[in-house]
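# Observations on the three-dimensional arrangement
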Amino acid sequence: MIRLSNEAILEEVKNRLPEKRFKHSLGVAEAAVKLSKIYGVDENSAYVAGIAHDVAKYTKPHEIEDYVNKYEIYLDEYEERSLALSHSILGSYVARYEFGVFDSDIVNAIRYHTTGRADMSMLEKVVFMADLVEEGRDFQIVDELRELAFGGKIDDAIIMALDNTIMFVIKKGQIIHPRSIEARNFLINLKKYTIQGK
Ligand SMILES: [Fe+2]
Ligand SMILES: [Fe+2]
């Protein structure tokens, strides 16, 4: 299929999300564009990934199976049990097969926006952080995260965000997706060796 225009993608997303989540998506797109300028990634890719990242957030349980069958989606044991985790995977397929977004960097930025993963591309990092620091977000450490993310320290921002999420999940007695641990370990290792190498 031919890739939908940005306007058409925006319209599709709007139709699939409640107003509050659509507003969040606009906020993420805006933050992602700002970050893309700081970190030198393609602005339009950041915008499209930002707009589309949560497109599958309101997929109904019976629809998940339809998607899985239709697009031959593999959900791991964690994602299978939780829309909080699977919406990013499903969303990446919606972007690809329903919006015609075949750019694998954009698809991956949507796919990994919830958990992160080891060795993320700069676009993946930008979308991961934009999701957390867009202007509608309000939680304890959001200002610190904004300062780091918009201050050229996106890796530190991601480590802090992951620490925060992981501790929150532990406190609630919930399961942590291994990709989040891998994302954190990767960045901590990178930092360690970068400092040692100086
Ligand atoms: Fe999300
Ligand atoms: Fe989001």
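Keep in mind it's a predicted model, so treat the numbers as computed, not measured.

Taken as a whole and judged by the stated rule, the model has 4 aromatic pairs. When the ring of Tyr71 is compared with that of Tyr97, the centres are 5.0 Å apart and the planes differ by 15°; the resulting orientation is stacked. With Tyr71 in the loop between helix H4 (61-70) and helix H5 (77-81) and Tyr97 in helix H6 (residues 83-97), this pair connects stretches of sequence that are 26 residues apart. For the pair Tyr97 and Phe102, a centre-to-centre distance of 6.4 Å together with 90° between the ring planes defines the contact as edge-to-face. On the basis of relative accessibility, which here comes to 44%, the residue Phe102 falls in the partly exposed class. Grouping aromatic residues by their ring pairs yields a cluster made of Tyr67, Tyr71, Tyr93, Tyr97 and Phe102. The cationic tip of Lys34 hangs over the ring face of Phe150; the distance from NZ or CZ to the ring centre is 6.0 Å.

Look at helix H10 (residues 154-171): 26 Å from first C-alpha to last across 18 residues, which is about the 26 Å you get at 1.5 Å a residue. Along H10, the residues classified as buried are Ile154, Ala157, Ile158, Ile159, Ala161, Leu162, Ile166 and Val169. Directly after H10, the chain includes Gly173, whose backbone phi takes a positive value near 70°.

Below, the discussion takes up the side chain of Asp76. Note on placement: Asp76 falls in the loop between H4 and H5. No salt bridge is formed by the buried Asp76; its nearest oppositely charged neighbour, Arg179, is found at 4.1 Å. Separated by 2.9 Å, the side chain of Asp76 and the backbone nitrogen of Tyr78 make a polar contact. At 2.7 Å, the side chain of Asp76 and the side chain of His177 are in polar contact.

The next thing to look at is the coordination of the iron ion (ligand 1). Around the iron ion (ligand 1), the protein contributes the donor atoms Asp54 (OD), His87 (NE2) and His113 (NE2), at 2.1 Å from the metal centre. In primary sequence terms, the donor set of the iron ion (ligand 1) follows D-x32-H-x25-H. A separation of 3.5 Å is found between the iron ion (ligand 1) and the iron ion (ligand 2), both of which receive a donor from Asp54. One end of the pair, Asp54, is in the loop between helix H3 (43-52) and H4; the other, His113, is in the loop between helix H7 (104-111) and helix H8 (122-133), with 59 residues separating them in the sequence.

A word on the coordination of the iron ion (ligand 2). Note on the iron ion (ligand 2): its protein donors are His24 (NE2), His53 (NE2), Asp54 (OD) and Asp131 (OD). The metal-donor distances range over 2.2 Å. Taken together, the 4 donor atoms coordinating the iron ion (ligand 2) span angles of 81 to 174° at the metal, a pattern that classifies the geometry as irregular. Sequence spacing of the donor residues for the iron ion (ligand 2), all on one chain, is H-x28-H-D-x76-D. Among the residues examined, Asp54 registers a relative accessible area of 2% and is labelled buried.

Interaxial distance between helix H2 (residues 19-39) and H8 falls to 8 Å at its minimum, and their mutual angle equals 135°. As the angle between them shows, H2 and H8 are arranged oblique. Every pair of crossing elements has a handedness; the one defined by H2 and H8 is right-handed. Residues His24, Val28, Ala31, Ala32, Leu35, Ser36 and Tyr39 of H2 lie in contact with H8, whose contacting residues are Met122, Val126, Met129, Ala130 and Asp131. Residues belonging to the contact of H2 with H8 are distributed by class as follows: 9 nonpolar, 2 polar and 1 charged.

Size it by volume and the largest pocket reaches roughly 1300 Å³. Looking at the largest pocket, it is lined by 43 residues, and the ones nearest its centre are Lys57, Thr114, Leu132, Arg137 and Thr165. Per-element accounting of the lining of the largest pocket gives the leading share, 9 residues, to H10. Of the residues that constitute the lining of the largest pocket, the class distribution is 17 nonpolar, 13 polar and 13 charged.

Rules used in this analysis
- Residues numbered from 1 in each chain as written.
- Chains lettered and ligands numbered in written order.
- Predicted model: local features only at pLDDT ≥ 70, side-chain atom pairs only at ≥ 80, totals over all residues.
- Heavy atoms only, no water.
- Phe/Tyr/Trp six-rings, centres within 6.5 Å; stacked < 30°, edge-to-face > 60°.
- Helix = DSSP H or I, 4+ residues; strand = E, 2+ residues; numbered from the N terminus.
- Buried < 20%, exposed > 50% of the residue type's maximum accessible area, 1.4 Å probe, protein only.
- Lys NZ or Arg CZ within 6 Å of the ring centre and 35° of its normal.
- Expected span 1.5 Å × (residues − 1).
- Lys, Arg positive; Asp, Glu negative; His and termini not counted.
- Salt bridge = Lys/Arg side-chain N within 4 Å of Asp/Glu carboxyl O.
- Polar contact = N/O pair within 3.5 Å; in protein donor to acceptor, adjacent residues only side chain to side chain.
- Donors = N, O, S within 2.8 Å, 3.2 Å for Na, K, Ca; no water.
- Tetrahedral: all angles 85-135°; square planar, octahedral: opposite > 155°, others 65-115°.
- Axes fitted to C-alpha atoms, helices over the stretch in contact; angles between N-to-C directions.
- Parallel < 35°, antiparallel > 145°, perpendicular 65-115°, else oblique.
- Left-handed = near helix turned anticlockwise from the far one by under 90°.
- Contact = heavy atoms within 4.5 Å.
- Nonpolar A, V, L, I, M, F, W, Y, C, P; charged D, E, K, R; others polar.
- 1 Å grid on protein atoms, 1.4 Å probe; cavity = no way out; pocket = protein on both sides within 12 Å on 5 of 7 lines; lining within 4 Å.
- Points joined across faces, edges and corners; volume = space filled by probe spheres on them.

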